[in-house]
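An overview of the molecular structure
Now for the letters of each chain:
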Amino acid sequence: IPFRDDWATDRAETQTDLVHLVLSGLAPHVIVAGLISLGASATGVGLATAVGRLGVWHRVGLDTLPAVAQVGLAVLLLDLCLYWHHRVMHEVPAFWPIHEVHHAPETMTGTRVLRNHPIGPLLTNLFVVVLGALGMDPAVFVAAQAISLTVGILQHTNADLRLGWLDQVFCGPRMHRWHH
């Protein structure tokens with residue numbers, strides 16, 4: 001159910017998106033994971049262990065909630081972090097050239113979510129690391145990240161998805177096309 005037939009993914013655009021996946025999707029996250037691992041090996045303490053019981057997540061009893069509730073709360077918190085990250089990227093002139101790479105394509109497809117400047121995900125991690133510092137279970141954090149990525153892919157699709165009144169609450173493909 002394409003929104004626009006002329007936005008069908010062409011091979012060159014998809015190849016560009018895949019290059020961005022490697023350079024600006026995987027590489028920055030591998031760098032951050034490597035730094036966390038290096039810190040863990042140097043100190044003998046992993047990040048989850050270091051934050052663990054000291055984190056707010058445990059202190060206020062969120063770790064006693066059912067896993068589904070924890071993931072739901074983590075998704076909301078992650079979305080809040082990503083919202084502010086996105087807003088800063090648009091409103092702070094020094095950051096716009098970094099985010100502009102994401103807005104460069106003239107069409108929307110699911111792979112456009114991958115198109116970012118390599119520095120962009122590193123800046124995103126500065127906002128998202130706040131969640132890790134809360135001390136939630138790593139499985140909850142990973143589940144929230146997976147849901148967030150799925151939503152990001154859906155927001156960038158060329159699908160004519162209509163959410164009805166939920167379009168007024170959530171940023172679906174219609175709103176995100178307007179944003180781009």
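Residue positions are given per chain, counted from 1 along the sequence in the order it is written. Totals for whole chains, interfaces and linings use every residue, but because this is a predicted model, local features are given only for residues with pLDDT of at least 70 and side-chain atom pairs only at 80 or more, for both listing and counting. Hydrogens are left out, water is left out, and the side-chain values use all remaining heavy atoms of the structure.

A word on the environment of Val129
Each helix is a run of DSSP H or I of at least 4 residues and each strand a run of E of at least 2, with the numbering of both proceeding from the N terminus. Position of Val129 among the secondary structure elements: in helix α6 (residues 119–133). Spatially, the C-alpha atoms of Val129 and Leu78 are 9.6 Å apart, while their sequence positions differ by 51 residues.

Section: the pattern of salt bridges
For this document, the term salt bridge refers to a Lys or Arg side-chain nitrogen within 4 Å of an Asp or Glu carboxyl oxygen. The tally for this structure, following the rule as stated, stands at seven salt bridges. The partner of Arg115 in a salt bridge is Glu13, with the nearest N and O atoms 2.9 Å apart. Placement of the pair is Arg115 in the loop between α5 (96–103) and α6 and Glu13 in helix α1 (residues 11–43), with a sequence separation of 102 residues. Burial classes: relative accessible area under 20% of the type maximum marks a residue as buried, over 50% as exposed, and values in between as partly exposed (1.4 Å probe, protein chains only). A residue is classified by how much of its surface remains accessible, and Glu13, at 28% relative accessible area, is partly exposed.

Focus: a nonpolar patch on the surface
Residues Val19, Val22, Leu23, Leu26 and Val30 make up a contiguous nonpolar surface patch of roughly 450 Å² in combined accessible area. Counting through the fold element by element, Leu26 comes out in helix α1. Residues forming no salt bridge and having over 30% relative accessible area are the ones grouped into patches, like charges within 9 Å of each other and nonpolar side chains (Val, Leu, Ile, Met, Phe, Trp, Tyr) within 5 Å. Under the convention used here, a 1.4 Å probe and the Shrake-Rupley method define accessible areas, while residue burial counts only the protein chains that appear.

Section: helix α7 (residues 138–155)
Here, expected helix span is obtained from the residue count minus one, scaled by 1.5 Å. Helix length check: α7 (18 residues) gives 25 Å between terminal C-alpha atoms against 26 Å at 1.5 Å per residue, within 8%. Among the residues making up α7, those that are buried are Val140, Ala144, Gly152 and Gln155. The arc that holds the buried residues of α7, viewed along the axis, is 110 degrees, so those residues lie on one side. Facing away from the buried side of α7 by over 90 degrees, the exposed positions are Ala139 and Val142. Residues of α7 that are buried make contact with α3 (56–59), α4 (67–91) and α8 (173–179). Capping the start of α7 is the job of one residue whose side-chain oxygen sits 2.7 Å from the backbone nitrogen of Ala139: Asp137. To be clear, the arc concerns the directions from the helix axis to the C-beta atoms. We call two residues in contact when some of their heavy atoms are within 4.5 Å. Two N or O atoms form a polar contact when they lie within 3.5 Å of each other; inside protein one atom must be a possible hydrogen donor and the other a possible acceptor, and for residues adjacent in sequence the pair counts only when both atoms belong to side chains.

Considerations on the nonpolar core
The nonpolar core is taken to be a set of buried Ala, Val, Leu, Ile, Met, Phe, Trp, Tyr and Cys residues, with the residues joined through side-chain atoms within 4.5 Å. Grouped together as the largest cluster of nonpolar side chains are eleven residues: Trp57, Leu62, Val71, Ala74, Leu78, Cys81, Val128, Leu131, Met136, Val140 and Ala144. Those elements that provide at least two residues to this core are α4, α6 and α7. Ranked by residues supplied to this core, first place goes to α4 with four residues. Ignoring anything within four residues of it in the chain, the contact list for Val71 reads Val140, Ala143, Ala144 and Ile147.

Don't take any of this as a statement about function, it's just geometry.
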